[in-house]
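The chain contents come next:
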Amino acid sequence: MASVRRITLDRKIDYPTSDGRPMAETDWHRDLMVALIAMLKMWYAKARRVYVSGNLLLYYVPGNKRKHVSPDVFVVRGVSKRKRLYYLLWLEGKSPEMIIELTSKSTRKEDLDTKFKLYRDVLKVQEYFMFDPFAEYLNPPLRGYRLIQGEYVPIEAIAGRLPSEVTGLHLERDGTMLRLYDPSTAQRLPTLEEAKAQLEAENERLRREIESLRRRLANES
């Protein structure tokens, strides 16, 4: 009965879909956020119950419209893959397992203190990564933490990359970009633009092979 009353309450509450803040600090931060979300969605394209999102309000106290956070990029396994207006933690039943914040000097206190504690102590996020594209204050510009016995322990780099146990990928700095590396193939995940270019190249290769086969059959007939 309690869960039914809670769902009814949630339907009556008009949870905002925006906190009035800009989507990202700069064009670089925004473009990188969009690119990371797209890469992770492609990575989990065949997974039925993995939700990838970012810049979405996550409410974590039932009925309280002020208790929310908006991670730049996050991954949740075990929940439905569908579009959402916002993420209600108590209805979804699961916190984000991996979060990436694209940080800057203007958000440093929030990312290093407020969100750090919220992700660790309240949301229990298994992995928290921070990337400072311009290396304005983080040294090194890419940091990662894994939740072990209630504390965030720094993730040790492997060949200059930070491994994510949640996704099975490694995070790697490439200038102002943050790339995702698949250790099983020793290849970076393609960006959406790179994936489109690869698909076009493959289609062109197949077209040429078919055309060559047609010419050969025509000559043999």
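Residues numbered from 1 in each chain as written. Predicted model: local features only at pLDDT ≥ 70, side-chain atom pairs only at ≥ 80, totals over all residues. Heavy atoms only, no water.

**Student:** Sorry if this is basic, but what is going on with the overall build of the protein here?
**Tutor:** Counting its regular elements, the protein contains five helices and 13 strands. Projected onto the principal axes, the alpha-carbon positions of the protein cover approximately 75 × 45 × 35 Å. Counting all 221 residues of the protein, 42% fall into the buried class. Counted over contacts in the protein with a minimum sequence separation of 6, partners at least 24 positions apart contribute 57%. Total accessible area computed for the protein in this model is approximately 13,000 Å², and 51% of it derives from carbon and sulfur atoms. Charge centroids of the protein, computed over 39 positive and 31 negative side chains, lie 6 Å from each other. (Helix = DSSP H or I, 4+ residues; strand = E, 2+ residues; numbered from the N terminus. Buried < 20%, exposed > 50% of the residue type's maximum accessible area, 1.4 Å probe, protein only. Contact = heavy atoms within 4.5 Å. Areas by Shrake-Rupley, 256 points an atom, 1.4 Å probe, with all protein chains shown as cover. Lys, Arg positive; Asp, Glu negative; His and termini not counted. Charge placed at Lys NZ, Arg CZ, Asp CG, Glu CD.)

**Student:** How should the packing of aromatic side chains be read in this particular structure?
**Tutor:** Each aromatic ring pair is characterised by the separation of its centres together with the angle its planes make. Under the counting rule described, the total for this entry stands at 14 aromatic pairs. With a centroid separation of 6.0 Å and an interplanar angle of 90°, the aromatic rings of Tyr-59 and Tyr-86 are classed as edge-to-face. On the criterion of sequence distance, the pair formed by Tyr-59 in strand E2 (residues 58-59) and Tyr-86 in the loop between strand E4 (73-77) and strand E5 (87-88) is long-range, its members being 27 residues apart. When the ring of Tyr-119 is compared with that of Tyr-128, the centres are 5.0 Å apart and the planes differ by 85°; the resulting orientation is edge-to-face. Tyr-128 carries the same exposure label as Tyr-119, and that label is buried. Of note, Arg-84 hangs over the ring of Tyr-51, and the distance from its end group to the ring centre comes to 4.1 Å. Above the face of the Tyr-181 ring, Arg-161 is positioned so that its terminal group lies 3.6 Å from the ring centre. (Phe/Tyr/Trp six-rings, centres within 6.5 Å; stacked < 30°, edge-to-face > 60°. Lys NZ or Arg CZ within 6 Å of the ring centre and 35° of its normal.)

**Student:** Looking at this structure, I do not really get the nonpolar core. What am I missing?
**Tutor:** Nonpolar side chains in soluble globular proteins generally cluster together in the buried interior. Counting 29 residues, the largest nonpolar core has Tyr-87, Tyr-119 and Leu-123 as its most contacted members. Contributing elements (two or more residues each) for this core: E2, E4, E5, helix H3 (89-92), helix H4 (108-122) and strand E7 (127-131). Ranked by residues supplied to this core, first place goes to H4 with three residues. If we ignore the near neighbours within four places in the chain, the residues touching Tyr-119 are Val-69, Pro-71, Ile-99, Glu-101, Lys-124, Val-125, Tyr-128 and Tyr-152. (Core = buried A, V, L, I, M, F, W, Y, C linked by side-chain atoms within 4.5 Å.)

**Student:** Which parts of the structure should I look at to understand unusual backbone geometry?
**Tutor:** Across residues other than glycine, the phi torsion is negative in most instances, and most of the peptide bonds are trans. Following Asn-139, the chain continues into Pro-140 via a peptide bond in cis, with omega recorded as 0°. Relative to the elements of secondary structure, Pro-140 occurs in the loop between E7 and strand E8 (142-148). Here Asn-55, not a glycine, exhibits a phi torsion of approximately 55°, which is positive. Along the chain, Asn-55 falls in the loop between strand E1 (50-53) and E2. For Asn-55, a relative accessible area of 32% gives the class partly exposed. Phi is positive for Ala-159, which is not a glycine, with a value near 55°. Tracing the chain through its elements places Ala-159 in the loop between strand E9 (151-154) and strand E10 (162-163). Overall, the relative accessible area of 69% leaves Ala-159 in the exposed class.

**Student:** Any chance you could explain the environment of Leu-118 here in plain terms?
**Tutor:** With respect to the element layout, Leu-118 can be found in helix H4. In the structure, Leu-118 is positioned 49 residues away from Val-69 in sequence and 8.9 Å away in space, judged by C-alpha atoms. Excluding residues that lie within four positions of it along the chain, Leu-118 makes contacts with Tyr-60, Val-69, Leu-123 and Lys-124.

Fair warning: the whole summary comes from geometry, so function is off the table for now.
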